[in-house]
Amino acid sequence: MKDSLARLTAARQQLLRQIPDPSTVLPGSLLSRMGRCNKPGCRFCEKGQGKGHGPIWILSVSLGSRQVRQVPIPRELKKEVEESLRAFARMRKLLKQIAQVNLELLKERKRRS
Ligand SMILES: [Zn+2]
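Here the structure is a predicted model, which is why all the values come from computation and not from measurement. (Residues numbered from 1 in each chain as written. Predicted model: local features only at pLDDT ≥ 70, side-chain atom pairs only at ≥ 80, totals over all residues. Heavy atoms only, no water.)

A.B. asks: Explanation requested: the nonpolar core in the structure shown.
C.D. replies: For soluble globular proteins, nonpolar side chains are generally found buried alongside one another. Membership of the largest hydrophobic core is limited to 7 residues, which are Leu30, Trp57, Leu59, Val61, Ile73, Val81 and Leu85. Among the secondary structure elements, those contributing two or more residues to this core are β2 (53-64) and α2 (75-112). Those residues in contact with Ile73 that lie beyond four places of it in its chain are Leu30, Trp57, Ile58, Leu59, Lys78 and Val81. Core analysis: the second largest hydrophobic core is formed by 6 residues, Leu8, Leu94, Ile98 and Leu105 among them. (Core = buried A, V, L, I, M, F, W, Y, C linked by side-chain atoms within 4.5 Å. Buried < 20%, exposed > 50% of the residue type's maximum accessible area, 1.4 Å probe, protein only. Helix = DSSP H or I, 4+ residues; strand = E, 2+ residues; numbered from the N terminus. Contact = heavy atoms within 4.5 Å.)

Structure representation (structure tokens):
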């Protein structure tokens, strides 16, 4: 039977290798909405017709205590922002898993002391 400390340490190494580059991460979520220009006669914005311009992409970031910051994202940055959001989500998930492994390691070390 493989040593459980070694097994857990190896599992942790495996998780550590999957952590994305922290310099890229962004918080929040990306929303889209249609915009209105309010120019008279615009066929995209006329009342009852058209859906407006867009979509416009908005990065919505919760600042806590019900405050939300909304950052408009230019089309050319959308892909990069999406990747950064995914990197953050992946990193958070991996950190939780690593913390869980560390908890198991702690129990195992206590058992042996
Ligand atoms: Zn318009």
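A.B. asks: How do you make sense of the coordination of the zinc ion when you look at a structure like this?
C.D. replies: Tetrahedral coordination by four donors places them ideally at 109.5 degrees to one another around the metal; octahedral coordination by six donors ideally gives 90 or 180 degrees. Coordination of the zinc ion by the protein comes from Cys37 (SG), Cys42 (SG), Cys45 (SG) and His53 (NE2), over a distance range of 2.0 to 2.3 Å. Considering all 4 donor atoms around the zinc ion, angles at the metal cover 101 to 116° and the coordination shape is tetrahedral. Counting along the primary sequence, the residues that act as donors to the zinc ion give the motif C-x4-C-x2-C-x7-H. You can see Cys37 sitting in the loop between β1 (29-35) and β2 and its partner His53 sitting in strand β2, a full 16 residues away along the chain. His53 sits in the partly exposed class, given a relative accessible area of 30%. (Donors = N, O, S within 2.8 Å, 3.2 Å for Na, K, Ca; no water. Tetrahedral: all angles 85-135°; square planar, octahedral: opposite > 155°, others 65-115°.)

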